[in-house]
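Each chain, written out:
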Amino acid sequence: MKNKKIIMALILCLTFFGFLNKADAASGRFDIHYYEEPGYTSRKPTYTKAMGYLSSMGYSVYGYDYLDAIQTIEKMKTAAGFVIHMHGGPGRQYMKNNTLLCGKKGDATCRDINFLPRGSFQKMKIAIYYGCETGITTSSYGDICYETVNKGATAAVAWKVVTKIDEVNEWNRLFFEKTTNDTIVEGYRHADYWVRANIGNTAGDRMQNNRTERGNIYAKIN
Amino acid sequence: MYKYKRNILIAVLLVFSAFTISNTFTANAETINKKGVVRGEKNDNVKVEKDISDKYIKQKNIVLDNSFISLKLDQKVFANSKNYDVYVDNNKSEYLFENEMLVGYVKNVDLSEEKIKMSKEQFKNKKLSNSTNPYQDIANATALNLLPNGYSLSDYELKSVKFVDSYNEFVYNYVKHIGRYESNDSITIGIDLNGNVTSTLILDIGKYDNIDVSSIDEEDLNKFIKSNMARLHGNAEYEVENMVITTYDSKSVINIYIRYSENGTAGETFSYYI
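The structure displayed is predicted, hence computed values, not measured ones.

**Remarks on the overall build of chain B**
Reasoning step 1: When helices and strands are counted, chain B shows 5 helices and 13 strands.
Reasoning step 2: Counting across all 274 residues of chain B, residues that qualify as buried make up 44%.
Reasoning step 3: Within chain B, contacts between residues separated by at least 24 positions form 43% of all contacts whose residues are at least 6 apart in sequence.
Reasoning step 4: Accessible surface, chain B: about 15500 Å² in total, of which carbon and sulfur atoms supply 50%.

In structure tokens:
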């Protein structure tokens, strides 16, 4: 009888410490959306090169190849992190079936973030919008990063220029390499420096000098 | 006795299971960070070797800005025909060596919210020196120091000065032009608001000096762009944003950066061998 009690106590203690050990780690679903176009440089490495780092932080990582805006925004509501790498335009991302993921409802094809109830993205630690000019604000489509943070995401980032697929793939890898242990802003600085070293001066300029950043960049995602 | 042994066995199994479940993610972290000798996929441009074996010299001492710094080899990076040996100091700052030459460093700086806010506040009205542009003076002096013997800063154009608001740094970028083309031969200096140099990077110094741009057949170059755009993007409208002489697959190329419209705005890059 005494032995049983000791054994039970031992199990409870170890299980408790095990969960304590995990309490610091990130958890939840981290979604990475990309668009594989035949004949183009692959955008899939945005997912494959980041998933190891994200798994190591404790996330369950999911890659989605080309969903429409409605499916995407539904997934965003329950995601702990969100990355998208597709064609873009000011304040919007181009999605499957001629739908748009937008800051505001610029036209009938938009599924806009502004329309969502407050707190819809409260689980989301970061949203990264890779695509050409998605970081530009327009009166019609809005500021996609501002709208994302306004709905509860901790931070959001997008670019105001034409982005290049291989540069994005590498910047993204470097960002998650750093944020495995450090803050979002440290991730930005690390990725900016190293994308210039690894890919070239033009890539460094493009990724470093043309961002729209919203939310708390001093937060950690790990 | 049998019951007692069975209970012990069940207990051991349960403890083992609890440990396995609770440590799954931690175990993943270790696999990625320690085991990954070559990370990435088959056709990657960039590979990182983290496990530094004994075949490499692991330590190095340098003198930088009159300071003696001890460095330890941390990783090797193989990036688009470049091989960087990346050393770190005690403060986790990184130093990049290419063919044993220091080509850059990035200091590990305090980027906490308090520090960034304090720096912005302190330097709102403060003048760093009597110079009209003290940051540029620092950038110029640093760039000059970085250039190997025989190279002159006057061969470089100050292409851009940007202030990166999120991490409080001025970024000075100097590039060398080869004929009418910009090149990847460049110098980049990061300076914080206190005037401290926080990062440096020199790329491809002197590498394209011997390229004879007059031999580049511009008609052929334009045909190359046109035919490839048609092949990949049909009748999409496009414009050439810029062209830069650089290296791809160990060969000198002109990288052509294109902006086009097709299901939104998009970018394309071609490399034209020269």
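**Considering the pattern of salt bridges**
Reasoning step 1: Taken as a whole, this structure holds 28 salt bridges over all chains when the rule is applied.
Reasoning step 2: A salt bridge links Glu74(A) to Arg111(A), with the nearest nitrogen and oxygen atoms 3.9 Å apart. Residue Glu74(A) is located in helix 3 (residues 69-76), and its partner Arg111(A) is located in strand 7 (residues 110-112); the two are separated by 37 residues in the primary sequence.
Reasoning step 3: Note that Lys76(B) is salt-bridged to Asp85(B), the shortest N-O span being 2.7 Å. For the pair Lys76(B) and Asp85(B), a shared accessibility class is recorded, and that class is buried.
Reasoning step 4: It is possible to trace a salt-bridge network through shared partners that takes in Arg196(A), Asp205(A), Lys159(B) and Glu182(B).

**Side note on the packing of helix 2 (residues 45-57) of chain A against helix 5 (residues 165-179) of chain A**
The description of two helices packed together rests on the angle between their axes and the distance between the axes.
Residue and element names in this part refer to chain A.
Reasoning step 1: Across the interface, helix 2 lies against helix 5 with an axial gap of 8 Å and an inter-helix angle of 5 degrees. In terms of axis orientation, helix 2 runs roughly parallel to helix 5. Contact with helix 2, carried on its side by Pro45, Thr46, Lys49, Ala50, Tyr53, Leu54 and Met57, involves Val168, Asn169, Glu170, Asn172, Arg173, Phe176, Glu177 and Thr179 of helix 5 and no other residues of that element.
Reasoning step 2: Along the lines of polarity and charge, the residues of the contact of helix 2 with helix 5 split into 7 nonpolar, 4 polar and 4 charged.

**Some words on the pairing of strand 5 (residues 94-98) of chain B**
Here is the key point about a regular strand: its side chains alternate between the two faces of the sheet.
Residues and elements named next belong to chain B.
Reasoning step 1: The buried fraction of strand 5 amounts to 5 of the 5 residues, a majority that puts the element mostly inside the structure.
Reasoning step 2: With burial as the criterion, each face of strand 5 is covered, one bearing Glu94, Leu96 and Glu98 and the other bearing Tyr95 and Phe97.
Reasoning step 3: Two elements, strand 4 (residues 82-88) and strand 5, share 4 bridges in a ladder whose sense is antiparallel. Each bridged residue has a counterpart across the sheet, and for aspartate 85 the counterpart in strand 5 is phenylalanine 97.
Reasoning step 4: Taking the residues that link successive antiparallel strands as the turn, the strand 4-strand 5 hairpin has 5 residues, and the phi of lysine 92 there is positive, at about 70 degrees.
Reasoning step 5: Counted between consecutive antiparallel strands, the loop separating strand 5 from strand 6 (residues 101-106) contains 2 residues, among which asparagine 99 sits at a positive phi close to 50 degrees.

**Topic: the state of the cysteines**
All names here are of chain A.
Reasoning step 1: Here the structure, examined in full by the defined rule, presents 1 disulfide over all chains.
Reasoning step 2: The disulfide partner of cysteine 102 is cysteine 110, and the S-S distance across this bridge is 2.3 Å. On the sign convention where negative means left-handed, the S-S torsion of about -75 degrees between cysteine 102 and cysteine 110 marks this disulfide as left-handed. For the residue pair cysteine 102 and cysteine 110, the accessibility class agrees, reading buried in each case.
Reasoning step 3: Free of any disulfide, cysteine 132 has its nearest cysteine sulfur in cysteine 145, 15 Å distant.
Reasoning step 4: Classification of cysteine 132 as buried rests on a relative accessible area of 3%.
Reasoning step 5: Note on cysteine 145: no disulfide assigned, nearest cysteine sulfur contributed by cysteine 102 at a separation of 13 Å.
Reasoning step 6: Note on cysteine 145: relative accessible area 1%, which makes it buried.

**Thoughts on helix 4 (residues 134-146) of chain B**
All names here are of chain B.
Reasoning step 1: An ideal rise of 1.5 Å per residue puts 18 Å on 13 residues; helix 4 measures up with 18 Å between its terminal C-alpha atoms.
Reasoning step 2: Turning to helix 4, its buried residues are Pro134, Tyr135, Ala139, Thr142, Ala143 and Leu146.
Reasoning step 3: Elements that come into contact with the buried residues of helix 4 comprise strand 8 (169-178), strand 9 (181-192) and strand 10 (197-203).

**So, the nonpolar core**
Reasoning step 1: Counting 81 residues, the largest nonpolar core has Phe176(A), Trp194(A) and Ile187(B) as the members making the most contacts within it.
Reasoning step 2: At 8 residues, helix 6 (residues 184-198) of chain A tops the list of elements feeding residues into this core.
Reasoning step 3: Ile84(A), Met86(A), Ile144(A) and Ala156(A) belong to the second largest nonpolar core, which has 21 residues in total.

**With respect to unusual backbone geometry**
Reasoning step 1: Positive phi, close to 65 degrees, is recorded for Tyr66(A), a residue that is not glycine.
Reasoning step 2: Looking at the element boundaries, Tyr66(A) is found in the loop between strand 2 (60-65) and helix 3.
Reasoning step 3: Owing to a relative accessible area of 17%, Tyr66(A) belongs among the buried residues under this scheme.
Reasoning step 4: At Asn66(B), a residue that is not glycine, the phi angle is positive and equals roughly 65 degrees.
Reasoning step 5: Among the secondary structure elements, Asn66(B) is positioned in the loop between strand 2 (59-64) and strand 3 (67-79).
Reasoning step 6: We classify Asn66(B) as exposed; its relative accessible area is 78%.

**Points about the packing of aromatic side chains**
Reasoning step 1: According to the stated counting rule, one finds 21 aromatic pairs over all chains in the structure shown.
Reasoning step 2: Each ring, one from Tyr62(A) and one from Tyr64(A), has its centre 6.5 Å from the other, and the planes form 15 degrees; the classification is stacked.
Reasoning step 3: Residue class for Tyr64(A) comes out buried when judged on its relative accessible area of 13%.
Reasoning step 4: Looking at Lys60(B), its charged tip hangs above the ring of Phe97(B), at a distance of 4.6 Å from the centre.

**Quick look at the environment of Lys107(B)**
Reasoning step 1: As for its placement among the helices and strands, Lys107(B) is situated in the loop between strand 6 and helix 3 (113-122).
Reasoning step 2: Judged by relative accessible area, which is 26%, Lys107(B) ranks as partly exposed.
Reasoning step 3: Residues Lys107(B) and Val161(B), spaced 54 residues apart in sequence, show a C-alpha to C-alpha distance of 19 Å.
Reasoning step 4: Residue contacts for Lys107(B): discarding those within four places in its chain leaves Arg189(A), Ser93(B), Val197(B) and Thr198(B).

**Details of the sheet that holds strand 1 (residues 29-34) of chain A**
Residue and element names in this part refer to chain A.
Reasoning step 1: Reading across from one edge, 2-1-3-8-9-10 is the order of the 6 strands in this open sheet, with mixed pairing throughout. Since the sheet does not close on itself, it has two edges, and those belong to strand 2 and strand 10 (211-215), each with one partner. In this sheet, neighbouring strand axes are inclined to one another by 10 degrees on average, regardless of whether the strands run parallel or antiparallel.
Reasoning step 2: Sheet topology note: the strand 8 (residues 126-130)/strand 9 (residues 155-159) ladder contains 3 bridges and is parallel. Bridging from a neighbouring strand, isoleucine 128 pairs with valine 157 of strand 9.
Reasoning step 3: The strands touched by helix 3 are strand 1, strand 2, strand 3 (81-85) and strand 8; relative to strand 1, the strand with the most contacts, the crossing angle is about 160 degrees.

Definitions and limits used
Residues numbered from 1 in each chain as written. Chains lettered and ligands numbered in written order. Predicted model: local features only at pLDDT ≥ 70, side-chain atom pairs only at ≥ 80, totals over all residues. Heavy atoms only, no water. Helix = DSSP H or I, 4+ residues; strand = E, 2+ residues; numbered from the N terminus. Buried < 20%, exposed > 50% of the residue type's maximum accessible area, 1.4 Å probe, protein only. Contact = heavy atoms within 4.5 Å. Areas by Shrake-Rupley, 256 points an atom, 1.4 Å probe, with all protein chains shown as cover. Salt bridge = Lys/Arg side-chain N within 4 Å of Asp/Glu carboxyl O. Axes fitted to C-alpha atoms, helices over the stretch in contact; angles between N-to-C directions. Parallel < 35°, antiparallel > 145°, perpendicular 65-115°, else oblique. Nonpolar A, V, L, I, M, F, W, Y, C, P; charged D, E, K, R; others polar. Pairing = 2+ DSSP bridges. Disulfide = S-S within 2.5 Å. Expected span 1.5 Å × (residues − 1). Core = buried A, V, L, I, M, F, W, Y, C linked by side-chain atoms within 4.5 Å. Phe/Tyr/Trp six-rings, centres within 6.5 Å; stacked < 30°, edge-to-face > 60°. Lys NZ or Arg CZ within 6 Å of the ring centre and 35° of its normal.

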